[in-house]
Amino acid sequence: MPRVHHRYASVAGHQLFYREAGPDDAPVVVLLHGFPTSSFMFRHLIPDLADRYHVIAPDYLGFGLSDAPAADEFDYTFEALTDLTADLLEQLGITRYAIYVQDYGAPVGFRLALRNPEAITAIITQNGNGYEAGFVESFWRTVWNYQEAQTPGTEAAIRQALTLDVTRWQYVTGAPDETLVSPDTWHHDYALLSRPGNDLIQLALFRDYATNPPLYPQLHEYLRTSGVPVLAVWGRRDEIFGPDGATAFAADAAEAEIHLLDGGHFLLESAGDAVAVIIHDFLGRRLPQTAGVGGMTPRTTTHAS
């Protein structure tokens, strides 16, 4: 079993936590987590991939074990989270890498790709949206209402997303067997959501999510022109980003590979083994596997392990 390192790096004056595993000279895979979780969501996938890949899984600022400055001290936007992620990868000497994006990982990962297309070797999207077709209105209407007008009513409605009940709902809804999903997941996430001031961080990002769909046309053009390999492996019963969001990638990404599995938003919790097999097959065919292609430059960063 590959060893997983748990590390911190100082980036732009903030401590960012990340998990790292796998050979230094192997192809790099960067795992980008969603809301309301952190790199904790990849705790099983990382060792599954690290036998053949160098895996990096950061926690965004305000999430997981990374610093969480107050919302009035840091402007929480997806651009800012992307800036910090890019700076972390640069500090780690990572210049070429595949991305795995889920939920919030999509606006971060797709921004990375649009900023530096040559860096991206492949895209794996697991319920990480890039098309209007993916939005399930019954979930997103509350978010859209809050984006359009911040009133006591719209804020009270969106704050339900920060409760234990809705956190659990995100994990178990769509799972073929709820008993396959560990309660550790939603209790872990809820504990971090409940830190003083974290609610205001999450509200800022709910508002800023409105900046993501306007980037979709640029993303689609990138997919059409770059030839980047794309794998969409999706929980077909996700009630946040529906399966139409997965099949939509085939319209722009040449030879996109689409897998709709029996599961929900956090597919790794109930079908992690199947997802790992699909990723290994995809990357094994679409990426070079020889030593020395990891896309990492020598680094002198000091880690706290």
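This text follows the structure it describes.
Residues numbered from 1 in each chain as written. Predicted model: local features only at pLDDT ≥ 70, side-chain atom pairs only at ≥ 80, totals over all residues. Heavy atoms only, no water.

**Q** Explain the packing of helix H4 (residues 137–148) against helix H8 (residues 198–208) residue by residue, including any values.
**A** Remark: H4 packs on H8, axes separated minimally by 8 Å, with the N-to-C direction vectors making an angle of 90°. Between H4 and H8, the interaxial angle falls into the category roughly perpendicular. The segment H4 lies against H8, with Val143, Tyr146 and Gln147 engaging Leu203, Phe206 and Arg207. Each residue belonging to the contact of H4 with H8 can be placed in one class, and the counts come to 4 nonpolar, 1 polar and 1 charged. (Axes fitted to C-alpha atoms, helices over the stretch in contact; angles between N-to-C directions. Helix = DSSP H or I, 4+ residues; strand = E, 2+ residues; numbered from the N terminus. Parallel < 35°, antiparallel > 145°, perpendicular 65-115°, else oblique. Contact = heavy atoms within 4.5 Å. Nonpolar A, V, L, I, M, F, W, Y, C, P; charged D, E, K, R; others polar.)

**Q** An account of the sheet that holds strand E4 (residues 54–58) is requested, with residue identities and associated values reported.
**A** Ordered in space as E1-E2-E4-E3-E5-E6-E7-E8, the 8 strands form an open sheet in which the pairing is mixed. Among the strands making up the open sheet, the edge pair consists of strand E1 (4–11) and strand E8 (257–261). In this sheet, adjacent strand axes meet at a mean angle of 20° when their direction is disregarded. Looking at chain direction, strand E6 (residues 120–125) and strand E7 (residues 230–235) are connected through 3 bridges and run parallel. The partner of Thr125 across the bridge, within E7, is Ala232. Along the sheet, helix H11 (residues 268–286) contacts strand E3 (28–32), strand E5 (97–101), E6, E7 and E8; its crossing angle with E8, the most-contacted strand, is approximately 165°. (Pairing = 2+ DSSP bridges.)

**Q** Got a sec to walk through unusual backbone geometry? Specific residues and values, please.
**A** Between Phe35 and the following residue, Pro36, the backbone shows a cis peptide bond with an omega angle of 0°. Counting through the fold element by element, Pro36 comes out in the loop between E3 and helix H1 (45–49). Unusually for a residue other than glycine, Ala12 sits at a positive phi of about 50°. Note on placement: Ala12 falls in the loop between E1 and strand E2 (14–21). Notably, Glu255 is not glycine yet its phi reads approximately 60°, a positive angle. Using a relative accessible area of 62% as the deciding quantity, one classes Glu255 as exposed. (Buried < 20%, exposed > 50% of the residue type's maximum accessible area, 1.4 Å probe, protein only.)

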